[in-house]
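# Coordinate inspection notes
So the chains spell out like this:
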Amino acid sequence: MTSQPLYHIPKGSILILDGRELRVSVREKSGYAVECKETRECFTLPTGRVETAIRKRDCEVIKPADAEKRKALLEYTGGIERVEQLPKKTQRLVQGRLALVLAQDELRAEGVKLTQRSMSKSGMHRRALLERAKRIAPDCRFLEILRGGEIEEGLSVPQGRGLVGYRDVYYRFDKNPVVLATRNHKKGRREGRLVPWQERFIDYVLNRWQDPRKPKLGNVFKLAEKVFDRSPREIAQAANFPSITTIRTRARAISEVVSSIGRGGKRHAVNLKGAGSTDVLALRFGEYFQTDQYLLSIFSSGDGVVRAKMIDPKTAPQELADNEIRRCWLHLVIDVATREVLGWIISETADADHTKALLRMATRDKTKEKVRYGCKQEPVPPVRLGLSVADNGTATRNSGVYASQLGMGMTVMTARAYQPMDKQIVERVFGTLQWDVLNFRPGYTGSRPGELTGYDPKSAAEISHDDLYGTITRYFIDEYPFRPHRGTGMHGMTPRQKREEALKKYGAIDPPSQRDRCLHLGAKVRATTSSEGVRAFNIPFNSTELQRFVDLP
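This write-up is about the structure you can find in this document. (Residues numbered from 1 in each chain as written. Predicted model: local features only at pLDDT ≥ 70, side-chain atom pairs only at ≥ 80, totals over all residues. Heavy atoms only, no water.)

### Description of the overall build of the protein
Condition: Numbering goes from the N terminus for both helices and strands, where a helix is a DSSP run of H or I of at least four residues and a strand is a run of E of at least two. This radius of gyration counts C-alpha atoms alone. The globule rule is 2.2 Å times how many residues there are, raised to the power 0.38. The cut-offs for exposure are 20% and 50% of the maximum accessible area for each residue type, with area from a 1.4 Å probe on protein chains only; residues under the lower value are buried, those over the upper are exposed, and the others partly exposed. The contact criterion used is simple: two residues touch if any of their non-hydrogen atoms lie within 4.5 Å. Per-residue and other accessible areas follow the Shrake-Rupley method at a 1.4 Å probe size, with only the shown protein chains counted as cover for residues. Charge counting follows a simple rule: Lys and Arg are positive, Asp and Glu are negative, and His as well as the terminal groups are ignored. In this description, the location of a charge corresponds to atom NZ of lysine, CZ of arginine, CG of aspartate or CD of glutamate.
Scanning the protein for helices and strands turns up 20 helices and 14 strands. In terms of overall dimensions, the protein is more spread out than a globule: its C-alpha atoms have a radius of gyration of 36 Å, far above the 24 Å expected for 553 residues. Taking the principal axes of its C-alpha atoms as reference, the protein extends roughly 120 × 80 × 65 Å. Buried positions account for 38% of the 553 residues belonging to the protein. The contacts of the protein with a sequence gap of at least 6 include a subset with a gap of at least 24, amounting to 62%. Accessible surface for the protein amounts to roughly 34100 Å². Of this, 51% is attributable to carbon and sulfur atoms. Taking the 94 positively charged and 67 negatively charged side chains of the protein as two groups, their mean positions are separated by 7 Å.

Following this line, the structure appears as structure tokens:
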């Protein structure tokens, strides 16, 4: 049994569905026969599909009469449908002309007989019309006022014929103010200046310019002139190739998204032009965290003293000396729900040992850093970590780190390669640290090679590694947690306020297990017991329980 259609969709209606404009050709028993205006593809949409889309507000139905009106409007305005699409200067012009039209309506409603002659400069009703329009739109100066011997610039008001024309076109297009704008953009030459083979040559050049090897447009143009084939008839139509200026103009008109895909590759285009995420990824404190490593854009030395010496490349060791000027790696772990930085360390390299040290810092108290570096605020408390997200770097993607995380009861998830949106929260912190802290310290290298053309960062390095770590520590304890954050789900709160809200709404956090920390995150060493105990990492230890363990068979 065929059900009756719920909505009245007459023949010729336009369905805006799935980003396409579909014209309804006929209503059939099984659905609606439609034609895509862009691809000219014909197919049938089931009635239930259309009605469901309308209920979910995913489908817009434009009746034939409305479609014809819209077509006429776009043809009259040159593709402009709303006032907001116009430049600011043109919007102000539309505002003034609309006030003139409304002033005519008010005077007519009061019984004033307006004619073209009476609204002209010598007419009896012109000043009354301008005063009424001034009252409607005070910002528009319709009357020229003498001030200091100069005439104040006002809106140019046409004669009565032009005023009547404003009103007629305004009502002809159902009171859409956009038709009151000037149509200068529709003036000029309508037919194309280039013949078909010249248009084909431009496409030929631009298609070869959109190459991941990023060739220069001028070089591609010169080579294309030598290899592009033309028939005798085409040469007779136009002997010259289009100029490089014309091709550059066409290249600038290409969408940035298209250029990013063509010259940068699809993966780069997704990272550069792809839409961001508006999902709230976590709610509880410690539930979900991200970790990453960043080579700090600053040079520092072991003792803060600049020194230089000659070395032999053949005999120089690979390890860096304590006082050698170098850039350090910053390892960082951040809580996603509150944006609290849970741990931070600097190191010479990015490896698994420092990742474990970072996790140990996140699960322990940081009062030691507060006292050592003179912080004024309370540091973030230790927390039992839940879901871990990291990239494919060697510092995080290895068996040792994974085993430690799984032993601590964490869930491990690896971010996709070359997809910064998978862990954009921790990536953003590095940029904030660079511009708020490192940019003002001696030895800053810049955000990219060659950015600082008049500054030598190596010779300007004055701070030691410990001074650098102290600066970062004070920033993450005293400043960063108390700055308003505009990220998704933060609503302008500071990380410290967000942490208090998370604890209040979603409950207290689970305390970290000290036994699991020692077993899975602690450094391991082989030692031999004696009657005096054991010495590990040059630290002596002895107890009754240890001696009983040694005496066991």
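### Points about helix 4 (residues 126–136)
Which entries qualify depends on this criterion: Directions drawn from the helix axis to the C-beta atoms are what define this arc.
Here helix 4 has its buried residues at R126, L129, L130, R132 and A133. Around the axis of helix 4, the buried residues are gathered within 160° of arc, so they sit on the same side. Exposed side chains of helix 4 directed beyond 90 degrees from the buried face belong to R127 and R135. In this structure, the buried side of helix 4 is in contact with helix 3 (88–109) and helix 5 (160–172).

### Brief notes about the packing of aromatic side chains
What counts, and what does not: Put simply, two rings from Phe, Tyr or Trp (the six-membered ring, in Trp's case) pair if the centres are within 6.5 Å, and we call them stacked under 30 degrees between planes, edge-to-face over 60, tilted for the rest.
Tallied over the entire structure, the rule returns 15 aromatic pairs. Judged by centre distance (6.4 Å) and plane angle (75°), the rings of F228 and F241 are edge-to-face. Linking F228 in the loop between helix 7 (217–227) and helix 8 (232–237) with F241 in the loop between helix 8 and helix 9 (244–252), this pair joins segments that are 13 residues apart in sequence. Accessibility assignment for this pair places F228 and F241 in one class, buried.

### Topic: helix 2 (residues 64–77)
Under the convention used in this document: A helix is expected to span 1.5 Å multiplied by its residue count minus one.
The end-to-end C-alpha distance of helix 2, which contains 14 residues, comes to 20 Å, matching closely the 20 Å that a straight helix rising 1.5 Å per residue would cover. Where helix 2 is buried, its residues meet helix 5. Positioned one or two residues after helix 2, G78 has a phi angle of 80°, which is positive.

### Considerations on the packing of helix 3 against helix 4
Counted only if it meets this: Lines fitted to the C-alpha atoms define the axes, with helices restricted to the stretch that makes contact. Angles between their N-to-C directions range from 0 to 180 degrees. For any pair of crossing helices, the crossing counts as left-handed if the nearer helix is rotated counterclockwise from the farther one by less than a right angle, and right-handed if it is rotated clockwise. All amino acids are sorted into three groups, where Ala, Val, Leu, Ile, Met, Phe, Trp, Tyr, Cys and Pro are nonpolar, Asp, Glu, Lys and Arg are charged, and the leftover types, Gly among them, are polar.
Interaxial distance between helix 3 and helix 4 falls to 8 Å at its minimum, and their mutual angle equals 115°. Taken as a pair, helix 3 and helix 4 cross one another with a handedness that is right-handed. Across the interface between the two elements, A99, L100, L102, A103, Q104, E106 and L107 from helix 3 touch A128, L129, L130, R132, A133 and I136 from helix 4. Its residues assigned to classes, the contact of helix 3 with helix 4 shows 10 nonpolar, 1 polar and 2 charged.

### Focus: the sheet that holds strand 3 (residues 31–36)
Formally: The rule for pairing is simple: two strands pair if DSSP sees at least two bridges between them.
Ordered in space as 4-3-2-1-5, the 5 strands form an open sheet in which the pairing is antiparallel. Of all strands in the sheet, those bounded by a partner on one side alone are strand 4 (42–46) and strand 5 (59–62). Strand-to-strand twist of the sheet, defined as the mean angle between neighbouring strand axes without regard to direction, takes the value 35°. Helix 1 (residues 47–55) rests against strand 1 (14–17), strand 2 (20–27), strand 3, strand 4 and strand 5 of the sheet, and its axis sits at about 70° to strand 4.

### Some remarks on the packing of helix 7 against helix 9
For the record, the criterion: Roughly parallel refers to an angle under 35 degrees, roughly antiparallel to one over 145, roughly perpendicular to one between 65 and 115, and oblique to any angle outside these ranges.
Running from N to C, helix 7 and helix 9 point in directions that differ by 125°, and their axes come no closer than 11 Å. The orientation of helix 7 relative to helix 9 falls into the category oblique. Pair helix 7 / helix 9 crosses with right-handed handedness. Of the residues in helix 9, those in contact with L217, G218 and F221 of helix 7 are I244, I247, R248 and A251. Of the residues contributing to the contact of helix 7 with helix 9, the split by class is 5 nonpolar, 1 polar and 1 charged.

### Observations regarding the environment of V412
Here V412 lies in strand 12 (residues 411–414). Between the C-alpha atoms of V412 and L387, which are 25 residues apart in sequence, the distance is 6.1 Å.

### Overview of the nonpolar core
Put simply, the test is: Residues grouped as a nonpolar core are buried Ala, Val, Leu, Ile, Met, Phe, Trp, Tyr and Cys residues, joined through side-chain atoms within 4.5 Å.
Judged by nonpolar contacts, the single largest core of 49 residues is most densely connected at L296, W344, I472 and F476. Contributing elements (two or more residues each) for this core: strand 8 (288–300), strand 9 (326–335), strand 10 (341–347), helix 12 (352–362), helix 15 (424–436) and helix 17 (465–479). No other element matches the 6 residues that helix 17 contributes to this core. When near neighbours in sequence (up to four residues on either side) are disregarded, I472 contacts L296, L330, W344, I346 and L433. L73, V94, L129 and V178 belong to the second largest nonpolar core, which has 29 residues in total.

### Quick word on the side chain of T363
Condition: Any pair of nitrogen or oxygen atoms within 3.5 Å is treated as a polar contact; in protein, a donor-acceptor pairing is required on top of that, and neighbouring residues in sequence qualify only through side-chain atoms on both sides.
Here T363 shows up in the loop between helix 12 and helix 13 (367–372). Of the polar contacts made by the side chain of T363, one reaches the backbone oxygen of L359; its length is 3.0 Å. In this structure the side chain of T363 is engaged in a polar contact, spanning 2.7 Å, whose partner is the side chain of R517. Not counting residues within four places of it along the chain, the set of residues in contact with T363 comprises P382, V383, L385, M408, P512, R517 and L521.

### A short note on the environment of S464
For S464, the location among the structural elements is in the loop between helix 16 (457–460) and helix 17. Residue class for S464 comes out buried when judged on its relative accessible area of 8%. Sequence spacing of S464 and T47 is 417 residues, and the spatial spacing of their C-alpha atoms is 73 Å. Polar side-chain contacts of S464 include one of 3.1 Å to the side chain of D467.

### Side note on unusual backbone geometry
One non-glycine residue, R40, lies in positive phi territory at about 65°. Mapped onto the fold, R40 is located in the loop between strand 3 and strand 4. Exposure remark for R40: the relative accessible area of 58% places this residue in the exposed category. Even without glycine at this site, H491 takes up a positive phi of about 60°. By the secondary structure assignment, H491 is in the loop between helix 17 and helix 18 (495–506). Take H491: its relative accessible area is 69%, and that puts it in the exposed class.

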